[in-house]
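As a plain string of letters, each chain reads:
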Amino acid sequence: MANRRAVVTGASSGIGEATARALRSRGWDVVGVARRADRLEALEAATGVVAYAADLTVEADVEALASWLAGSGPVHALVQVAGGARGTDRVAEGTAADWRWMYEANVLSSQRLVAHLLPLLRRAAASDSHADALFVTSTAAQVAYPGGGGYNAAKAAESMLVSALRLELNGEPIRVIEIAPGMVRTEEFSLNRLGGDAAAADDVYADVEQPLSADDVADVIAYALGAPGHVNLDLVTVRPVAQSAQHLLARGPLRVRES
Ligand SMILES: NC(=O)c1ccc[n+]([C@@H]2O[C@H](COP(=O)([O-])OP(=O)(O)OC[C@H]3O[C@@H](n4cnc5c(N)ncnc54)[C@H](OP(=O)(O)O)[C@@H]3O)[C@@H](O)[C@H]2O)c1
């Protein structure tokens, strides 16, 4: 049987890159999508993940991606990882540019991908048992925190889009899966959020014993996609053990207490 093929967005760094690698090593054909062609090409050379450079906030790019995919093979899984945060301003100080960027990158890009790729997912599901649309949202979609407003709003909106899609596809063999990670230490997420301030980005993770890694999240994604086709992991919340809740993060070594 031919391999299943996944389209992984955000494949140029962090969770998306780790997911592309994880699926590839589990026998998937993978198309990796992001804006930075050089990073995708390096990944392609190292792993065989096929590079496709596109800006998901640009309608014409996603349209071109869909037509290239239609001509190059089936799409069994859309894995929408691309997105991110800009700024930690409180609501009263937030800038429209940051909030707009977050809505574009996390919400409208997801909607655009669904609009253009759903026909391809349906085609693959019709001939190969099932297909998957998986989205990486965040625990920021579930609980607000001071300075999180713009990201909370965007990720909550993305999460609602995912829930609506699952209802709309009821009766079709297409799984709709949401993975909501807590703290994941990736190279660029906090750096981009904090305007390139490396020291501030390091502080986010200071003394936290083992934040999640991109590979940890990629493992969960690969499990969700590899589960039997009738098993839909609607929502998986995954955090490091040091982070019991958004507001309850242990800094310092984890230690057993005397009972
Ligand atoms: N790190 C965390 O703590 C954490 C926690 C929960 C959820 N998440 C979510 O997980 C996802 C990945 O996060 P990460 O930590 O891996 O961050 P990251 O390393 O900054 O990755 C973001 C990815 O999105 C791509 N991207 C951004 N804008 C894009 C656009 N307009 N078109 C195409 N690709 C675009 C970037 O590639 P290019 O720049 O090359 O386009 C990059 O590959 C995000 O949705 C984030 O919100 C992260």
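This structure is a prediction, so every number in the text was calculated from the model and none was measured.

Conventions adopted
Residues numbered from 1 in each chain as written. Predicted model: local features only at pLDDT ≥ 70, side-chain atom pairs only at ≥ 80, totals over all residues. Heavy atoms only, no water. Axes fitted to C-alpha atoms, helices over the stretch in contact; angles between N-to-C directions. Helix = DSSP H or I, 4+ residues; strand = E, 2+ residues; numbered from the N terminus. Parallel < 35°, antiparallel > 145°, perpendicular 65-115°, else oblique. Contact = heavy atoms within 4.5 Å. Near = heavy atom within 4 Å. Polar contact = N/O pair within 3.5 Å; in protein donor to acceptor, adjacent residues only side chain to side chain. Areas by Shrake-Rupley, 256 points an atom, 1.4 Å probe, with all protein chains shown as cover. Nonpolar A, V, L, I, M, F, W, Y, C, P; charged D, E, K, R; others polar. Expected span 1.5 Å × (residues − 1). Buried < 20%, exposed > 50% of the residue type's maximum accessible area, 1.4 Å probe, protein only.

Interaxial distance between helix 4 (residues 96-127) and helix 5 (residues 149-168) falls to 8 Å at its minimum, and their mutual angle equals 10 degrees. Relative to helix 5, the element helix 4 is oriented roughly parallel. Between helix 4 and helix 5, the residues in contact are W99, M102, Y103, N106, V107, S110, Q111 and V114 and G149, G150, Y151, A153, A154, K155, A157, E158, L161 and L165, respectively.

A few words now on the site of the ligand. As a structural note, the neighbourhood of the ligand is formed by 29 residues, with S12, R35, R36, Y151 and T186 the closest of them. Between V184 and the ligand, the recorded distance is 3.0 Å, taken from a backbone N or O atom to an oxygen atom. For the ligand, the protein covers 95% of the area, taking 880 Å² as the surface of the free molecule. Of the residues contributing to the shell around the ligand, the split by class is 11 nonpolar, 13 polar and 5 charged.

Turning next to helix 1 (residues 14-25). For helix 1, with 12 residues, the first-to-last C-alpha span of 17 Å sits near the 16 Å given by 1.5 Å per residue. Listing the buried residues of helix 1 in full gives I15, G16, E17, A18, T19, A20, A22 and L23. A positive phi of about 95 degrees marks G27, the residue just after helix 1.

Here we take up unusual backbone geometry. In this model, D207 sits at a positive phi of 65 degrees, which is unusual for a non-glycine residue. Take D207: it is sitting in the loop between helix 7 (198-204) and helix 8 (214-226). Since its relative accessible area comes to 59%, D207 is described here as exposed. A positive phi angle is found at Q210, which is not glycine, with a value near 55 degrees. Looking at where Q210 falls in the secondary structure, it is placed in the loop between helix 7 and helix 8. Q210 sits in the exposed class, given a relative accessible area of 65%.

Remember, this is a structural readout, not a statement about activity or role.
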